[in-house]
Amino acid sequence: MSDIGSEDVHERIRQSFARQGAMETLGAELTRISQGVVEIELPFDVKLTQQHGILHAGVISAALDSACSYAAYTVVAPDASLLTIEFKVNLLSPGRGDRFLFRGEITKPGSTIIVADGRGYAVGDGPAKLIASMTSTLMVVRGREGITG
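What you see is a predicted model; the values in this text were computed from it and never measured.

**A few points about the sheet that holds strand S1 (residues 29–34)**
- Strand order in this open sheet of 6 strands is S1-S2-S4-S5-S6-S3, and the pairing throughout is antiparallel. Looking at which strands have only one partner, the edges of the open sheet turn out to be S1 and strand S3 (81–91). Between one strand axis and the next, the sheet turns through 20° on average, direction left out of account.
- Pairing geometry for S1 and strand S2 (residues 37–43), over 5 bridges, is antiparallel. By the bridge assignment, Glu29 is partnered in S2 with Glu41.
- Helix-sheet contacts for helix H1 (residues 6–18) involve S1, S2 and S3, and the interaxial angle to S1 is about 160°.

Pasting the structure below:
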């Protein structure tokens, strides 16, 4: 795993996250960055639901994808970028809650391919409820025009 200074990694991830229009549109917030783990939180918003009033699967997938990708950013060098090349999502329970927590964790770091796992939780009255899981495969990209940090 990367031995890059922690503050440099945190700042790089914060700046990259701030450029993500999709996460801004969802009202998502970066709430935890640590070696191999990133968390993103999202308040409930009726605009993000599907026809039954629960959090849309696309929203869940997008938040988990970002959490997994940023977890991977904690283990790559500053000159590297990442692109998701595959993910699988299991929707385990309806997305009902006051807010949602999406955690990405590195399963296997690598110099060209990184595997991360994500978990999504609904938070409300009572304990957090697991609503989704993801396995994500990411490609490490260097020197490709238009793809940076």
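**A closer look at the packing of aromatic side chains**
- The full count for this structure, using the stated rule, is 2 aromatic pairs.
- Between Phe17 and Tyr70 the ring centres are 5.9 Å apart and the planes differ by 65°, which places this aromatic pair in the edge-to-face class. Of the two residues, Phe17 is situated in helix H1 and Tyr70 in helix H3 (residues 57–73); the sequence distance between them amounts to 53 residues.
- A connected cluster of aromatic rings, assembled from ring pairs, spans Phe17, Tyr70 and Tyr73.

**Considerations on the pairing of strand S4 (residues 99–108)**
- Bridging between S2 and S4 involves 7 bridges; their strand directions are antiparallel. Each bridged residue has a counterpart across the sheet, and for Leu42 the counterpart in S4 is Phe100.
- Note that S4 and strand S5 (residues 113–123) share 9 bridges and pair antiparallel. Paired with Leu101 across the two strands is Tyr121, which belongs to S5.
- Hairpin connection between S4 and S5: a loop of 4 residues separates the two successive antiparallel strands.

Cut-offs and rules
In this convention, every chain numbers its residues from 1, walking through the sequence in written order. In keeping with the predicted nature of the model, local features appear solely for residues at pLDDT of at least 70, side-chain atom pairs appear and are counted solely at 80 or more, and the whole-chain, interface and lining totals rest on all residues. Side-chain numbers come from the whole structure's heavy atoms, not from hydrogens or water. Here the rule is simple: two strands pair whenever DSSP picks up at least two bridges between them. Put simply, DSSP H or I for four residues or longer makes a helix, DSSP E for two residues or longer makes a strand, and each gets a number counted from the N terminus. Simply put, an axis is a line fit to the C-alpha atoms, just over the touching stretch for a helix, and the angle between two N-to-C directions goes from 0 to 180 degrees. Throughout, a residue-residue contact means that at least one pair of heavy atoms, one from each residue, lies within 4.5 Å. What counts as a ring pair is set by centres within 6.5 Å for rings of Phe, Tyr and Trp (its six-membered ring), and what kind of pair is set by the plane angle: stacked under 30 degrees, edge-to-face over 60, tilted for all other angles.

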